[in-house]
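Letter by letter, the chains look like this.
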Amino acid sequence: MNNKEECYSKIMEFLNNDDKCILVKGTNQYKKHKLVMSIINKYYKNEKILFRINGMKNILNNEFIGWTGVKKRVKSGESIKIGNNYYQFDSIINSNTWFNTDKKFKFAIVYPIDSIIRNKEYQVLENLFNYKDLEKIFLISWTDSKKYDYNGLERYINSIAIYDAEEEDINYHKRVIEIQTK
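Described below are features of the structure shown in this document. (Residues numbered from 1 in each chain as written. Predicted model: local features only at pLDDT ≥ 70, side-chain atom pairs only at ≥ 80, totals over all residues. Heavy atoms only, no water.)

Focus: the overall build of the protein
When its secondary structure is counted, the protein shows 5 helices and 7 strands. When the elements of the protein are put in sequence order from the N terminus, they spell out α-β-α-β-β-β-β-α-α-β-β-α. Here the C-alpha coordinates of the protein stretch approximately 40 × 35 × 30 Å along the principal axes. In the protein, which comprises 182 residues, the share counted as buried stands at 52%. Long-range pairs, those at least 24 residues apart, make up 77% of the contacts in the protein with a sequence separation of at least 6. For the protein, the accessible surface area stands at approximately 9,100 Å², while carbon and sulfur atoms represent 47% of it. Side chains of the protein carry 30 positive and 24 negative charges; the gap between the two charge centres is 6 Å. (Helix = DSSP H or I, 4+ residues; strand = E, 2+ residues; numbered from the N terminus. Buried < 20%, exposed > 50% of the residue type's maximum accessible area, 1.4 Å probe, protein only. Contact = heavy atoms within 4.5 Å. Areas by Shrake-Rupley, 256 points an atom, 1.4 Å probe, with all protein chains shown as cover. Lys, Arg positive; Asp, Glu negative; His and termini not counted. Charge placed at Lys NZ, Arg CZ, Asp CG, Glu CD.)

Below is the structure:
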């Protein structure tokens, strides 16, 4: 099983070791980044977190950040408090936004990484590793298509955590698996 508790444990192990980057994947499409954010919120206060999202317009969407209570449109590089920490957002797709965010962060969350994998656009990750001062990086997938080639991520990631929806909603889990095989 790749359930929430196992994923939580793997993320905690990552936070407590010297590894730099973890890949979080699985069938729970909209809950993986929320789990990461909740863990960070629980164990850290007043830290700066870079959230690299696939489009700035998605920030207020409930599946992305809207569930946190953020109600106003956020510009790239603008700091907003979410829970106990401060977040800055930039875009996976628009590299011009990368220079609007600060250089130093405790964590970076990149969600969803699907377009990076699909299009082999690793400059997004190169920017994080070479131009940002980060302690930990979370690369989080949306849907893990069987067509995705994760080999391009091997040089970046130190560990993998999997959060499947199987125990929470077996029908949802099966639908996501079905989508993956198409």
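Digging into the nonpolar core
The biggest cluster of nonpolar side chains holds 33 residues, and the ones touching the most others in it are Ile 11, Phe 89, Ile 109 and Phe 138. Listed by contribution, the elements that provide at least two residues to this core are α1 (4–15), β1 (21–25), α2 (32–43), β2 (48–53), β3 (80–82), β4 (85–91), β5 (104–111) and β6 (133–140). Residues within four places of Phe 89 in sequence aside, it is in contact with Phe 51, Met 56, Ile 59, Ile 65, Val 74, Lys 75, Ser 76, Gly 77, Glu 78, Ile 80, Ile 82 and Thr 101. Residues Ile 113, Val 124, Leu 128 and Tyr 148 belong to the second largest nonpolar core, which totals 23 residues. (Core = buried A, V, L, I, M, F, W, Y, C linked by side-chain atoms within 4.5 Å.)

Thoughts on the packing of aromatic side chains
What characterises a pair of aromatic rings is the spacing of the ring centres plus the angle enclosed by the ring planes. The full count for this structure, using the stated rule, is 10 aromatic pairs. Taken together, a centroid distance of 6.3 Å and an interplanar angle of 20 degrees make the contact between Tyr 87 and Phe 89 stacked. The two residues Tyr 87 and Phe 89 agree in class, both being buried. Lying over the aromatic face of Phe 14, Lys 136 brings its terminal NZ or CZ to 4.4 Å of the ring centre. (Phe/Tyr/Trp six-rings, centres within 6.5 Å; stacked < 30°, edge-to-face > 60°. Lys NZ or Arg CZ within 6 Å of the ring centre and 35° of its normal.)

Some words on the sheet that holds strand β7 (residues 159–162)
A sheet is described by the order of its strands in space; here 7 strands give the open sequence β3-β4-β2-β5-β6-β1-β7, paired in mixed fashion. Each edge of the sheet is formed by a strand with only one pairing partner; in this case those strands are β3 and β7. Each strand axis lies, on average, 30 degrees off the axis of its neighbour in the sheet, ignoring direction. Bridge count between β1 and β6: 4 bridges; the pairing is parallel. (Pairing = 2+ DSSP bridges. Axes fitted to C-alpha atoms, helices over the stretch in contact; angles between N-to-C directions.)

A look at the state of the cysteines
Two cysteines form a disulfide when their sulfur atoms are joined by a covalent bond. Evaluated as defined, the whole model comprises 0 disulfides. Cysteine Cys 7 is unpaired, with the sulfur of Cys 21 as its nearest cysteine sulfur at 14 Å. The buried category is assigned to Cys 7, whose relative accessible area is 1%. Overall, the relative accessible area of 0% leaves Cys 21 in the buried class. (Disulfide = S-S within 2.5 Å.)

Remarks on the packing of α1 against α2
Two elements in contact, α1 and α2, have axes separated by 11 Å at closest approach and are oriented at 55 degrees. Comparing their axes, α2 and α1 come out oblique. Considering how the two elements wind past one another, α1 and α2 form a crossing that is right-handed. Each of Lys 4, Cys 7, Tyr 8, Ile 11, Met 12 and Leu 15 in α1 lies in contact with α2, whose residues at this interface are Leu 35, Val 36, Ile 39, Lys 42 and Tyr 43. Split into classes, the residues belonging to the contact of α1 with α2 amount to 9 nonpolar, no polar and 2 charged. (Parallel < 35°, antiparallel > 145°, perpendicular 65-115°, else oblique. Left-handed = near helix turned anticlockwise from the far one by under 90°. Nonpolar A, V, L, I, M, F, W, Y, C, P; charged D, E, K, R; others polar.)

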